[in-house]
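Overview (structure and organization)
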Amino acid sequence: MLSPHAITLIKATVPALQQHGEAITRHFYTVMLGEHPELKAFFNEAHQASGTQSRALAGAVLAYAAHIDRLGEIAGALPRIIHKHAALGVLPEHYPIVGQCLLRAIKDVLGDAATDEIIDAWGAAYGELAKLLIAAEEQVYAANAARDGGWRGQRAFRVARRVAESDVITSFYLEPVDGGPLLAFVPGQYLTLVLSIDGETMRRNYSLSDAPGKPWYRISVKREPQGKASGWLHDTAVVGTPIDALAPCGDFTLAEDAQRPLVLVTGGVGITPAMSMLEAAAPGGRPIRFIHAARDGRVHAFRQRVDAIAARHANVRVTYVYDRPRAEDRPHATGLVTRELLAQQLPGDRDVDLYLLGPKPFMQSVYRSGLDLGVPQQQLRYEFFGPLEDLRAA
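Now for a look at the structure at hand. Quantities reported herein were computed from a predicted structural model and do not represent experimental measurements.

Some points on the overall build of the protein
A tally of helices and strands in the protein yields 13 helices and twelve strands. The C-alpha radius of gyration of the protein comes to 22 Å, within 12% of the 21 Å expected for a compact globule of 394 residues. Taking the principal axes of the C-alpha coordinates as reference, the protein spans close to 65 × 50 × 40 Å. Residues classed as buried in the protein amount to 49% of the 394 residues present. By sequence separation, contacts in the protein at least 24 residues apart represent 72% of the contacts at least 6 residues apart. When the accessible surface of the protein is split by element, carbon and sulfur atoms take 54% of a total near 18000 Å². Averaged over its 41 positive side-chain charges, the protein has a centre that lies 6 Å from the centre of its 43 negative ones.

This is the structure in structure tokens:
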């Protein structure tokens, strides 16, 4: 437990973190990845380059400091962090490295204002958080290993099949090399691939896009213009290619016992976890509205599959929105997923579970529209990388 004096010192740093938080976290990543290049595999280069990684960490550090005397108020953010760490295979020995580099970054950026007493208080606070996360992550690792088809660490898979879902998204069906059963996952979870590309190890999360209970895991990957991992998968991963993976994780999941109408609103590659949710939920009879936004028909993945599900299950209704349709495209609407369009899909009482995933501006718009239309905030579900304030901004 932190002493009252340490708590006071931590809270006193909140104004400095508000002003210099991103400078601290940018410096932290420079120091840590420069001195410990073996940890680069745990971080996405695109998130590093765009600054979202630094902003997300700065927001987390600030929230921890501001709530250091009432941590229960931010406990809801912990499952996401725990699952992200477990998905990547973060281990107890990584925490001292992170702590040392973070304290050094605070001292380097704040200078004399970061007294030895303040650094000691932050060291104690970090130590308490590290103990909590290590214990929680061990529970995830142990539970995954103990379940039928489960494992701990890396497991060898091979590409059994690949299918082009659109001009930019390809599905890869992965089967375990050992021929054993597969750990059941919850729709919405993701798989972490451990890839070796040009001598560099990378760990990348990809949403599972099929229903659980199959003899394979399916991931559906968008080719990103500067994405080393996605480019390698599209260009190099053919049938028979070996790929190691860690056990499925993630807390952006479909509530299995929910009976409310389900509204799935996705843009672009955000359709991938929604496909898993749709495949799993459609046979149950629950009313489902599936709304997908794409630029045009060339980049619209899974259209034939979603249409087939809707044809088979009367409880599923689909709406496709293209913002730049071609002459041959047949969307249900053109433009964007507006507040008005969303209102047409919701029941009058707005008592729905609304899941949204897509590019950041798309998510901001849908999130705000959902709130404006009266969907309870706790029933708006999303997976978002970056400070949540970025999503919730008007």
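Thoughts on the packing of aromatic side chains
Each aromatic ring pair is characterised by the separation of its centres together with the angle its planes make. Enumeration over the complete set of coordinates arrives at ten aromatic pairs. Look at Tyr173 and Trp216: their rings are 5.5 Å apart centre to centre, the planes differ by 70°, and that puts the pair in the edge-to-face class. Taken as a pair, Tyr173 in strand β2 (residues 169–176) and Trp216 in the loop between β4 (200–207) and β5 (217–222) lie far apart in primary sequence, 43 residues in all. Exposure remark for Trp216: the relative accessible area of 22% places this residue in the partly exposed category. Judged by centre distance (5.9 Å) and plane angle (70°), the rings of Phe185 and Tyr217 are edge-to-face. Highlighted residues: Phe185 in the loop between β2 and β3 (190–197) and Tyr217 in strand β5, separated in sequence by 32 residues. Residue Phe185 is classed as buried on the basis of its relative accessible area of 8%.

Some words on the side chain of Thr170
Here Thr170 is to be found in strand β2. Given the relative accessible area of 7%, Thr170 is considered buried. Only 3.5 Å separates the side chain of Thr170 from the side chain of His234, close enough to count as a polar contact. Apart from residues lying up to four places away in sequence, Thr170 is in contact with Arg162, Val163, Ala164, Glu165, Ile219, Ser220, Val221 and His234.

As for the nonpolar core
Core analysis: the largest hydrophobic core is formed by 48 residues, its most contacted members being Leu264, Val265, Leu278, Phe290, Val337 and Leu354. In this structure, Val14, Leu39, Ile97 and Tyr190 belong to the second largest nonpolar core, which totals 45 residues.

Each value, and the rule that gives it
Residues numbered from 1 in each chain as written. Predicted model: local features only at pLDDT ≥ 70, side-chain atom pairs only at ≥ 80, totals over all residues. Heavy atoms only, no water. Helix = DSSP H or I, 4+ residues; strand = E, 2+ residues; numbered from the N terminus. Rg over C-alpha atoms; globule rule 2.2 N^0.38 Å. Buried < 20%, exposed > 50% of the residue type's maximum accessible area, 1.4 Å probe, protein only. Contact = heavy atoms within 4.5 Å. Areas by Shrake-Rupley, 256 points an atom, 1.4 Å probe, with all protein chains shown as cover. Lys, Arg positive; Asp, Glu negative; His and termini not counted. Charge placed at Lys NZ, Arg CZ, Asp CG, Glu CD. Phe/Tyr/Trp six-rings, centres within 6.5 Å; stacked < 30°, edge-to-face > 60°. Polar contact = N/O pair within 3.5 Å; in protein donor to acceptor, adjacent residues only side chain to side chain. Core = buried A, V, L, I, M, F, W, Y, C linked by side-chain atoms within 4.5 Å.

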